[in-house]
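# Survey of secondary and tertiary structure
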Amino acid sequence: MKITRLSKYFYLKFVRLRGEPHSLALGTAIGVLIGLTPTMPLHTVIILAITMSTRSSAIAGIISSWIVCNPLTYFPIYYFSMVVGNFVTPYHLDWQRIQHTLNALTSHQGFLDTVHEIAGLGFETIVVMLIGGLVLALPFTIVSYYFSLHLFRGIRQKRLGKLVQKNVPKN
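Below you will find a few notes about this structure. On a predicted model such as this, the values are computed, not experimentally measured, just so you know.

What follows concerns the packing of aromatic side chains. Evaluation of the coordinates by the stated rule reveals four aromatic pairs. Taking the centre distance of 5.0 Å and the plane angle of 80° together, the rings of Tyr 145 and Tyr 146 count as edge-to-face.

So, in structure tokens, the structure goes:
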């Protein structure tokens, strides 16, 4: 019951966003891209930097990142990033090393301790995880852009229709 209520809450937050459909859709796609990469403690910072530089919606990016990367999904995200990264890079990474890092990330350490934990992974681990995460996230990013563009254009049309109906004089 709580999951249904929470998903409805995020859906309403998402569809009530104001702005140009392209800006909202681009922010959504950026949020999905970053949310599906294994850069957990830095998601918001990265999303803000990219959305500011592309003049897209930071709020749409942050909300969509929360939707795709949450306590139910970050273990699969890290696992599939590792699997895909092992496949597309010349390096090999085992799950025990990732699991140790995930345990450190979820143990509620301070921000600097978390960054030090990630920095201590080594070059090969970071390459495998980032490349794997980007390859994994790219199809979802493209789909989310076009889906959300269609959604926000529809919402805009509906709002304009209501505005026109409201302003039409009654005879």
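After presenting the structure, the write-up continues.
A general feature of soluble globular proteins is that nonpolar side chains tend to end up buried together. Leu 36, Tyr 78, Met 82, Leu 93, Ile 98, Leu 102 and Met 129 are the most contacted members of the largest nonpolar core, which has 13 residues in total. Of all elements in the fold, only helix 5 (74–88), helix 6 (95–106) and helix 8 (123–167) reach the threshold of two or more residues within this core. Considering every element that reaches this core, the biggest residue donor is helix 5, with four residues. Contact partners of Ile 98, with chain neighbours within four places excluded, come to Tyr 78, Met 82, Leu 93, Thr 125 and Met 129. With nine residues, the next largest nonpolar core counts Leu 24, Ala 60, Ile 63 and Phe 152 among its residues.

It is generally the case that most residues other than glycine have a negative phi and that most peptide bonds are trans. Of note in this structure, Arg 55 is not a glycine but carries a positive phi near 55°. Position of Arg 55 relative to the elements: it lies in the loop between helix 3 (43–54) and helix 4 (58–68). A relative accessible area of 76% means that Arg 55 is categorised as exposed.

Further remarks concern a nonpolar patch on the surface. Taken together, the side chains of Leu 42, Phe 111, Leu 112 and Val 115 define a hydrophobic patch exposed on the protein surface, amounting to about 350 Å² of accessible area. On the secondary structure map, Val 115 appears in helix 7 (residues 111–119).

Turning to the environment of Thr 44, a few remarks are in order. Within the secondary structure layout, Thr 44 lies in helix 3. Distance from Thr 44 to Ala 58, taken between C-alpha atoms, is 9.1 Å for residues 14 residues apart in sequence.

A turn of α-helix holds 3.6 residues, and therefore any two residues three or four places apart point the same way. For helix 1 (residues 2–15), built from 14 residues, the straight-helix expectation of 20 Å at 1.5 Å per residue is met to within 8% by its first-to-last C-alpha distance of 20 Å. For helix 1, the set of buried residues is Phe 10, Phe 14 and Val 15. For helix 1, the arc enclosing every buried residue in end-on projection is 125°, short of the 170-degree limit, so these residues lie on one face. Every exposed residue of helix 1 that faces more than 90 degrees away from the buried side is listed here: Lys 2, Arg 5 and Lys 8.

How each quantity is defined
- Within each chain, residue numbers correspond to sequence positions counted from 1 in written order.
- Side-chain atom pairs in this predicted model are given and counted only at pLDDT of 80 or more, local residue features only at pLDDT of at least 70, and totals for whole chains, interfaces and linings cover all residues.
- To obtain the side-chain values, all non-hydrogen atoms of the structure were used and water was disregarded.
- Side-chain rings of Phe, Tyr and Trp (the six-membered ring for Trp) are treated as a pair once their centres are within 6.5 Å; stacked means planes under 30 degrees apart, edge-to-face means over 60, and tilted covers the remaining angles.
- Nine residue types can take part in a nonpolar core, namely buried Ala, Val, Leu, Ile, Met, Phe, Trp, Tyr and Cys, and a core is a set of them joined through side-chain atoms within 4.5 Å.
- Note on exposure labels: buried denotes an accessible area under 20% of the residue type's maximum, exposed denotes more than 50%, and partly exposed covers the range between, all computed with a 1.4 Å probe on protein chains only.
- Elements are defined by DSSP. Helices are runs of H or I of four residues or more, strands are runs of E of two residues or more, and each kind is numbered from the N terminus.
- The contact rule is simple, with two residues in contact once any of their heavy atoms fall within 4.5 Å.
- Think of a patch as exposed residues, more than 30% relative accessible area, with no salt bridge, where like charges cluster within 9 Å and nonpolar side chains (Val, Leu, Ile, Met, Phe, Trp, Tyr) cluster within 5 Å.
- What sets the accessible areas is the Shrake-Rupley method with a 1.4 Å probe; for residues, cover comes only from the shown protein chains.
- Whenever Lys or Arg places a side-chain nitrogen within 4 Å of a carboxyl oxygen from Asp or Glu, that contact is recorded as a salt bridge.
- How far a helix is expected to stretch is found by multiplying one less than its residue total by 1.5 Å.
- What the arc measures is the spread of directions leading from the helix axis to the C-beta atoms.

Read these as geometric descriptors, not functional statements.
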